[in-house]
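Structural features, examined
Listed here are the chains, written in short residue letters.
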Amino acid sequence: MAVPPVPGSGDAAARADALRREIERHNYAYYVLDAPTVPDAEYDRLFRELQALEAAHPELVTADSPTRRVGGQPLDEFPKRRHAIPMLSIRTETDTTAAGARTFDARVRKELGLVETDAPVEYAAELKFDGLAINLRYEHGVLVSATTRGDGETGEEVTQNVRTVQSVPLRLRTDQPPPVLEVRGEVFMRRDDFERYNAKQREAGRPTLVNPRNGAAGSIRQLDPRLAAQRPLSFFAYGLGEVQGWTDAPATHSATLDVLVELGVPVSAERRVCRGADALVAFHDDVAARRDQLPFDIDGVVYKVNRLDQQRALGFVTREPRWAVAHKFPAQEELTVVEAIEVQVGRTGALTPVARLAPVFVGGVTVTNATLHNQDEIDRKDVRVGDTVIVRRAGDVIPEVVAVVADRRPHPAPPRFAILEAYPVCPECGSHVVRLEGEAAVRCTGGLYCPAQRKQALLHFASRRAMDIEGLGDKLVDQLVDRGLVHTPADVYGLDLATLAGLDRMAEKSAANLCAAIEASKATTLARFIFALGIRNVGEATAKDLARHFGALDRLIAATEDDLLAVRDVGPIVAQSIVQFFAEPHNLDVVRKLQAAGVRWPESAGVQQSGGRLAGKTLVLTGTLPTLTRDAAKEMIEAAGGKVAGSVSKKTDYVVAGAEAGSKLAKAQELGVAILDEDGLRGLLQPAASSGQRALDL
Ligand code: IVH
């Protein structure tokens, strides 16, 4: 698209004004109505046009321009600011059951002097957001300051940071704004924004936020507005502060919030006008049931007497209004102590670390275990036995250790926890435990033998592309394993008709069919057998490559990592997985039992023996070659029957060294291995031909 000419100042002013109105309209649709009107790309285009215009005509910049959300200077401290009207807190109803709502209604009725025959009191029921209370002051419709609650009388002015909250309008949507209108509400962080932000931080190796609440509070109290701007915050209004000159102010709380929506201020749609206690209970129960589906954390609901004249009549006790109450839900985060760290072996052999906790009531249940995910998570949070931690349980999600309370760590500090040190062998089967390069999980290598992996291993073993035992599905595998009839795939070949026919939902006919399928599966191919073993990172295609390359199982079993790297498409991770698998005696034992049971396949010499110019030769590549990529060089060597190894040893025939070759070159010199450059390699690969033929080739 052509860049539009920069218009003259008069045109520019009109265009900037039009752009601001349009951007504000889209913001309103997006943040307040929750109904986006344009695709992000179009919005970005409008925004960039306005930015360019303002850069060309700085005199046109207005304080409430949407481009002015970021840009302030870092502060040394926040200025203190006295609230025109104190920011009060709300009384918390101590009874967390739904009955708490009835207690509140009864008290309100009594204080209003109502008797049983009087109509039900009307309430505004809302969510209790879990963030940071903020007072937004609009003078003649323009945001002039944003202040935290502080001690209720005096707060901190955090205007620069609050301006970075996209959903806070910098100007109210009205042509006749009241001279003063203070909007009160909560700045918070949505859970998806929290997760996304943390994922980005983790990737960059930067510190993460403990929870959305701390995320919101931390960014608002961040002295550098540019840092605050990077944290994705949201805002919902729930009331008013000082108001001057608002002629047609509404008579109820709910109508006030409706007007705020019209003025462009975001208000949560999760609110209801309730008549009487039953309606409050229904609201409470409904929100409680949907709590975990909400896109942000709440810690309960709030009930407010809806009519403002009744609010005035009720007044305040000390610093709390008599007309409002917070009805909390059970907390989803609590403190407790890590008594031990153990591991659980999953179906795929991954060892998941689990914190054993001093029992704590959180999220409505007593929690004694919480997942620590993996070693990286343990390291990142630095969780140690004896630590006091924040545990979170939300919905049906597995309880999780959110963070360690650093200043409650015992003295002397307990050691860091390393899974591989605490569990060198699998707690389920005693097979050795490894962590492969580039993988987060620590794994048990006893795939064929480990009881935790039994069902998974059997299902895979019997699957169509593996041993193809028709009829051996998950229901049957469950029964065979649960009854102790099958421990490893080898036991499948010991099952007889009588045993199978004795299983649940197993007719004589299907038992006979299964017997036949088991028998038929014994005659297989090497590729299928390798695939059936369920070696980590060895899929069907790799199994075929391995079978073709080695031709015989024993050659595969004896292969070193370097041998394996010579196989097409086998990289270091696959090579490691294979070596680890066969290094585990438990697995080898099962393989031998399978063979003893009659599982067999045709073997061959394999293709690596085929004669080429480099047949039987092992080469090591190091450094950067002038024209060949590493893969291209490897391909050429393999095509000539040679093998490319990862490290230099006495068995290495040649080291091909390019620019910036390091320790491998030194090792080759030390061992007296022949060293080639790229031309030397090409020379090796060229057919020993007369110069006449070579000329023809060119
Ligand atoms: S009304 C006079 N409504 O709860 C009443 N407060 O103790 C003033 N809060 O820190 C508060 N959601 O930030 C009200 N829907 C809601 C709320 C809410 C969360 C917070 C507020 C304050 C605390 C009140």
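Heads up: the structure comes first, above all this text.
The structure contained in this document is the topic of the report that follows. Keep in mind the model is a prediction, meaning the values are calculated, not measured.

**Quick look at empty space enclosed by the protein**
- Evaluation of the coordinates by the stated rule reveals 2 cavities of 30 Å³ or more.
- As a volume, the largest cavity reaches approximately 50 Å³.
- Forming the walls of the largest cavity are E126, L127, F129, A237, Y238, L257, V267, S268, E270 and R271.
- Of all the elements in the fold, those that place two or more residues in the lining of the largest cavity are β3 (122–129) and β8 (234–244).
- Sort the elements by how many residues they give to the lining of the largest cavity and β3 lands first, with 3 residues.
- Of the residues belonging to the lining of the largest cavity, the class tally is 6 nonpolar, 1 polar and 3 charged.
- Considering only enclosed or pocket space, the second largest cavity measures out at about 30 Å³ in volume.
- The wall of the second largest cavity is formed by D130, F188, M189, P212, R213, F296 and D297.
- Taken together, the residues that form the lining of the second largest cavity break down as 4 nonpolar, no polar and 3 charged.

**A short note on the sheet that holds strand β10 (residues 298–305)**
- Ordered in space as β2-β13-β10-β3-β9, the 5 strands form an open sheet in which the pairing is mixed. The open sheet has two free edges, formed respectively by β2 (91–93) and β9 (272–275), since each of these has just one partner strand. Strand-to-strand twist in this sheet, taken as the mean axis angle between neighbours without regard to direction, amounts to 35°.
- The sheet strands contacting helix α3 (residues 99–111) are β2, β3, β10 and β13 (324–328), and the helix crosses β2 at an angle near 125°.

**What to know about the packing of aromatic side chains**
- Evaluated as defined, the whole model comprises 13 aromatic pairs.
- Ring geometry for F129 and F188: centres 6.1 Å apart, planes at 10°, overall stacked. Here F188 lies in strand β7 (residues 180–188) and F129 lies in strand β3, a separation of 59 residues in the sequence.
- The exposure class of F188 is buried, given its relative accessible area of 4%.

**Side note on the environment of A35**
- Along the chain, A35 turns up in the loop between α1 (9–32) and α2 (40–56).
- Residue classification places A35 among the partly exposed positions, given a relative accessible area of 39%.
- Sequence-distant contacts of A35, defined by excluding residues within four places in its chain, comprise A29 and Y30.

**Things to note about the sheet that holds strand β24 (residues 674–676)**
- Taken in spatial order, the 4 strands of this open sheet run β22-β21-β23-β24, and their pairing is parallel. Unpaired on one side and paired on the other, β22 (643–645) and β24 mark the two borders of the sheet. The mean angle between the axes of side-by-side strands here comes to 35°, regardless of whether they run parallel or antiparallel.
- Sheet topology places strand β21 (residues 618–622) next to strand β23 (residues 654–657); 4 bridges connect them, and they run parallel. Each bridged residue has a counterpart across the sheet, and for T622 the counterpart in β23 is A657.
- Against the sheet, helix α24 (residues 630–639) makes contact with β21 and β22, and its axis sits at roughly 170° relative to β21, the strand it touches most.

Conventions and cut-offs
Residues numbered from 1 in each chain as written. Predicted model: local features only at pLDDT ≥ 70, side-chain atom pairs only at ≥ 80, totals over all residues. Heavy atoms only, no water. 1 Å grid on protein atoms, 1.4 Å probe; cavity = no way out; pocket = protein on both sides within 12 Å on 5 of 7 lines; lining within 4 Å. Points joined across faces, edges and corners; volume = space filled by probe spheres on them. Helix = DSSP H or I, 4+ residues; strand = E, 2+ residues; numbered from the N terminus. Nonpolar A, V, L, I, M, F, W, Y, C, P; charged D, E, K, R; others polar. Pairing = 2+ DSSP bridges. Axes fitted to C-alpha atoms, helices over the stretch in contact; angles between N-to-C directions. Contact = heavy atoms within 4.5 Å. Phe/Tyr/Trp six-rings, centres within 6.5 Å; stacked < 30°, edge-to-face > 60°. Buried < 20%, exposed > 50% of the residue type's maximum accessible area, 1.4 Å probe, protein only.

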